[in-house]
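# Examining the three-dimensional arrangement
Chain by chain, the residues run as shown.
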Amino acid sequence: MDAAADVRVAIFGCSIVLKLTRNENVLRYAAKLLFKLSQNERNDPGFSTFNVVDSLAHFIASFTSSVGGKPAGQFFSGRCPLLLYAVSTLKNLTHAERAAEALAGARGISILVRVVNVVLQLGIASLPDEMYLQAEQLLVQITETLRNLVTSSGACKSFLEQREAECSPLETLLRTLEAEQGLRDSVIVMTNVCRILSKLSLDPNCLARMRCPVTVTSLTDLLVGHQAEKRPAHQPLLVRASFILGNMTSSPSETHSFLLPAIPNIVALLGMYTGVELGEDSGDEEEDPGGQEGKVGKENEEVLVKMIRLLANLAINEEAGRKIVGMIEIEDLVHLLACKPVEAHQELVLNIVGALANFTFYDIPTNCLLSTRLDIAKQMFGFLLHPNPETVAEAARVLANLSRHADVRYLMAERRGTEILTVLLDHTARDVVFQAAGCIMNATTGGEDAASHAQIVVLNGGIGKLATALLEALQDNDYDLATVAARALYNLCSPRHSKSLPFLDHEERERVQDLIADVLETNADEVQDPRRAALDEVLERLEELITPSDEAVCTRESRAV
């Protein structure tokens, strides 16, 4: 008999032992042998042939069900090592997609999480050190196996399943994050759990279950508790915890209110990591004997990206936004942006620009960023020409916010910012056109310099570009973009801008008039959208502005017929 045949016989024999005997010594030997064989992926076909994944799942389920009510000493003396071998074998096998699907189909998620429940019920926090280490090892293997399963088909539904009086698997995982469970100091368990939750937070139903005060507190406590640790082992935990919170705050919800007390700590943590990137960290750093400096730098940047995204999402909430922009550490984002080449740090740069767009929305005296608004504006001019349309749109949004200040508007005209924004009205990306039109609308709304901006826009063909944007937006029923374009057109044609009026030649005037007439003659009553009424109001005012009085009378009479 060859070696391959011997392996298949061993796998088959051990799977039979799991089903037939309850002798723990025999079971431990069989489970240990299966674990050793599972470490070689060349043995995977044998495990698949004899459905060992299914056998192990049923074994763990039946073995765990007999534990209830027994003392911790009995569990850790025999049962825990046996379960450790069985779960570790599943972890090795489920690196393969086929085995992961098989275990998920055999209710593997609920079975494994039931073991987690058993361990939690034993009161880990009060266990002797030796038993605690055994429990930690078992939870590490379980959570790593669940990581393999979380991407399998139907996994999110399985994590939400609730049987009888039991918690759902998702709720059990969330419990492991709570301080009273005693697992906070186990970085690897916490990291594994957060990796699983990161995947689940992409599912709307799972995310809805996660949005509760206890979970928010647990995750923020993890961030704060590990903020002094800059060692590589802690970075993945901070990245995943920030990512989950970022997903929980991606749209307005109660989560923003839950996070309000934690904002000072989160911003302080951001300041610590930006300090590291800017070379301002004065803390004692351990030597890196493994030569991992490049890797650590990348992981620091990953933490920054996720934390910046989290704070940007929090700023959607007005109370949270005002609190964030009032903290001096936010200024470091401007310095960080200046020293990070976009080619090498695209994700970081995009997140900083997006965050600045949210933060500069708050035009209040306590906003620390406003003292550096000219530096921010200069940086944004460069990003207006970036090939990534998302970066361009966010940069234009920053300028739209800052253009409420006269010195920024002056800089826009002087540094050709207004000219670039006019060119961007031809952009193929809708968000870029929207933000460019909005920025032009703000710059030409009022103030002594509004006429000079209007002149720059008109000289660069802005009226025709805005008319085209308005027409294309209406074809897509995009009333938000259409209204912004119409308001920008109204500003350009306003009598306030006497310098711009001569550039509205007869052909352009006729084109805008025809466009307005076509839009207003459509039956707006059929469109059940209040934004359409707002658009019509702007267009009627624009029509009156550019149409000579005698033509306006004729137009109104013909429309009344």
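Residues numbered from 1 in each chain as written. Predicted model: local features only at pLDDT ≥ 70, side-chain atom pairs only at ≥ 80, totals over all residues. Heavy atoms only, no water.

## Remarks on the overall build of the protein chain
Put simply, the test is: Think of it this way: any DSSP run of H or I at least four residues long counts as a helix, any run of E at least two long counts as a strand, and we number them from the N terminus. Only protein chains enter the accessibility calculation, which uses a 1.4 Å probe; a residue whose area is less than 20% of its type maximum is buried, one above 50% is exposed, and one in between is partly exposed. By definition, residues are in contact when any of their heavy atoms lie within 4.5 Å. Accessible surface area values rest on a Shrake-Rupley calculation with a 1.4 Å probe, where residue burial reflects the displayed protein chains alone.
On a plain count of helices and strands, the protein chain comes out with 31 helices and 0 strands. Across the 561 residues that make up the protein chain, the buried fraction comes to 53%. If you take every contact in the protein chain between residues at least 6 apart in sequence, the share linking residues at least 24 apart comes to 76%. Surface exposure of the protein chain reaches about 25400 Å², of which carbon and sulfur atoms provide 51%.

## Focus on a negative patch on the surface
Where we set the bar: By definition, no residue in a patch forms a salt bridge, and every one has over 30% relative accessible area; like charges are joined within 9 Å, nonpolar side chains (Val, Leu, Ile, Met, Phe, Trp, Tyr) within 5 Å. By definition, a salt bridge exists where a carboxyl oxygen of Asp or Glu is found within 4 Å of a side-chain nitrogen of Lys or Arg. A residue counts as positive if it is Lys or Arg and as negative if it is Asp or Glu; His and the chain ends are not included. Every charge is mapped to an atom, namely NZ of Lys, CZ of Arg, CG of Asp or CD of Glu.
A surface patch of like charges, here negative, comprises Glu507, Glu510, Asp514, Asp518 and Glu521. With respect to the helices and strands, the residue Glu510 is situated in helix 29 (residues 506-521). We classify Glu510 as partly exposed; its relative accessible area is 37%.

## Side note on unusual backbone geometry
The phi dihedral of Asn51 falls on the positive side, at around 50°, and the residue is not glycine. Structurally, Asn51 can be placed in the loop between helix 3 (44-49) and helix 4 (52-65). With relative accessibility at 49%, the residue Asn51 sits in the partly exposed group. Unlike most non-glycine residues, Arg416 shows phi in positive territory, near 65°.

## Focus on the packing of aromatic side chains
Our working rule: Aromatic contacts are taken between Phe, Tyr and Trp rings whose centres are within 6.5 Å, Trp giving its six-membered ring; a plane angle under 30 degrees counts as stacked, one over 60 as edge-to-face, and the others as tilted. For a lysine, the NZ atom is tested; for an arginine, the CZ atom; a charge sits over a ring if that atom is within 6 Å of the ring centre and within 35 degrees of the ring normal.
In total, this model carries 3 aromatic pairs according to the counting rule given. Note on Phe12 and Phe50: the rings are 5.1 Å apart at their centroids and 50° apart in plane angle, and the pair reads as tilted. One end of the pair, Phe12, is in helix 1 (residues 3-20); the other, Phe50, is in the loop between helix 3 and helix 4, with 38 residues separating them in the sequence. Since its relative accessible area comes to 40%, Phe12 is described here as partly exposed. When the ring of Phe35 is compared with that of Tyr85, the centres are 6.0 Å apart and the planes differ by 45°; the resulting orientation is tilted. Of the two residues, Phe35 sits in helix 2 (residues 24-38) while Tyr85 sits in helix 5 (residues 72-93), which places them 50 residues apart along the sequence. Between the NZ or CZ atom of Arg541 and the centre of the ring of Tyr490, over which it lies, the distance is 4.6 Å.

## What to know about the packing of helix 21 (residues 373-383) against helix 22 (residues 389-402)
As a reminder, the rule being used: Each axis is a line fitted through C-alpha atoms, taken for helices only over the stretch in contact, and angles between the N-to-C directions span 0 to 180 degrees. The scheme is simple: roughly parallel for angles under 35 degrees, roughly antiparallel for over 145, roughly perpendicular for 65 to 115, oblique for anything else. Left-handed describes a crossing in which the near helix is turned anticlockwise from the far one by less than a right angle; the clockwise case is right-handed. Amino acids are sorted into nonpolar (Ala, Val, Leu, Ile, Met, Phe, Trp, Tyr, Cys and Pro), charged (Asp, Glu, Lys and Arg) and polar (every other residue, Gly among them).
Two numbers describe how helix 21 lies on helix 22: the axes approach to 9 Å, and their chain directions differ by 150°. With respect to helix 22, the element helix 21 is oriented roughly antiparallel. Considering how the two elements wind past one another, helix 21 and helix 22 form a crossing that is left-handed. Taking contact as the criterion, the partners of Arg373, Ile376, Ala377, Met380, Phe381 and Phe383 in helix 21 are, on helix 22, Thr391, Val392, Ala395, Val398, Leu399 and Leu402. Of the residues in the contact of helix 21 with helix 22, the class split is 10 nonpolar, 1 polar and 1 charged.

## A word on the nonpolar core
Note the following rule: Buried Ala, Val, Leu, Ile, Met, Phe, Trp, Tyr and Cys residues form a nonpolar core when they are joined through side-chain atoms within 4.5 Å.
Leu146, Leu197, Phe359 and Met380 are the most contacted members of the largest nonpolar core, which has 182 residues in total. When sequence neighbours within four positions are dropped, the list of residues in contact with Met380 reads Leu337, Val353, Leu356, Ala395, Val398 and Leu399.

## Remarks on the pattern of salt bridges
Counted by the stated rule, this structure contains 14 salt bridges. A salt bridge links Lys91 to Glu144; its shortest N-O distance comes to 3.6 Å. With Lys91 in helix 5 and Glu144 in helix 8 (residues 129-149), this pair connects stretches of sequence that are 53 residues apart. For the pair Lys91 and Glu144, a shared accessibility class is recorded, and that class is buried. Glu419 is paired through a salt bridge with Arg416; the nearest N and O atoms lie 2.7 Å apart.

## Concerning helix 7 (residues 108-121)
Applied cut-off: One less than the number of residues in a helix, times 1.5 Å, gives the span that helix is expected to have.
Helix length check: helix 7 (14 residues) gives 20 Å between terminal C-alpha atoms against 20 Å at 1.5 Å per residue, within 8%. In terms of burial, helix 7 is largely enclosed, as 13 of its 14 residues are buried. Following helix 7 by one or two positions, Gly123 adopts a phi angle in the positive range, close to 75°.

## Observations regarding the packing of helix 21 against helix 23 (residues 406-414)
Taken N-terminus to C-terminus, the directions of helix 21 and helix 23 make an angle of 30°; their axes are 10 Å apart at the nearest point. With respect to helix 23, the axis of helix 21 lies roughly parallel. Handedness of the crossing formed by helix 21 with helix 23: right-handed. In this structure, helix 21 contributes Arg373, Leu374, Ala377, Lys378 and Phe381 to the contact, and helix 23 contributes Asp407, Val408, Leu411 and Met412. A per-class count over the contact of helix 21 with helix 23 returns 6 nonpolar, no polar and 3 charged.

## Some words on the side chain of Ser218
When you line up the elements, Ser218 lands in helix 13 (residues 213-225). A residue is classified by how much of its surface remains accessible, and Ser218, at 4% relative accessible area, is buried. Setting aside chain neighbours within four positions, we find Ser218 in contact with Leu177, Glu178 and Arg184.

## Some words on the environment of Lys323
Structurally, Lys323 can be placed in helix 18 (residues 318-325). A C-alpha to C-alpha distance of 8.3 Å links Lys323 and Pro264, two positions 59 residues apart in sequence. Excluding residues that lie within four positions of it along the chain, Lys323 makes contacts with Leu260, Pro261, Ile263 and Pro264.

## Let's talk about helix 14 (residues 235-248)
Under the 1.5 Å per step criterion, the end-to-end length of helix 14 is 20 Å for 14 residues, consistent within 8% with the ideal 20 Å. Of all the 14 residues making up helix 14, 12 are buried; the element is thus mostly covered by neighbouring parts of the structure. All of the buried residues in helix 14 are Gln235, Pro236, Leu237, Leu238, Val239, Ala241, Ser242, Ile244, Leu245, Gly246, Asn247 and Met248.

## Re the confidence of the model for the protein chain
In plain terms, the rule: Scored from 0 to 100, pLDDT records how confident the predictor is in each individual residue.
On average, residues of the protein chain carry a pLDDT of 86, and 86% of them reach 70 or more. Averaged pLDDT values over the elements of the protein chain bottom out at 42 in helix 31 (residues 549-560) and peak at 97 in helix 18. When the criterion is pLDDT under 50, residues 282-286 qualifies, and its contacts beyond four places in sequence or with other chains add up to 1 contact. Scored below 50 in pLDDT, residues 550-561 shows 6 contacts in the model against residues more than four places distant or in partner chains.

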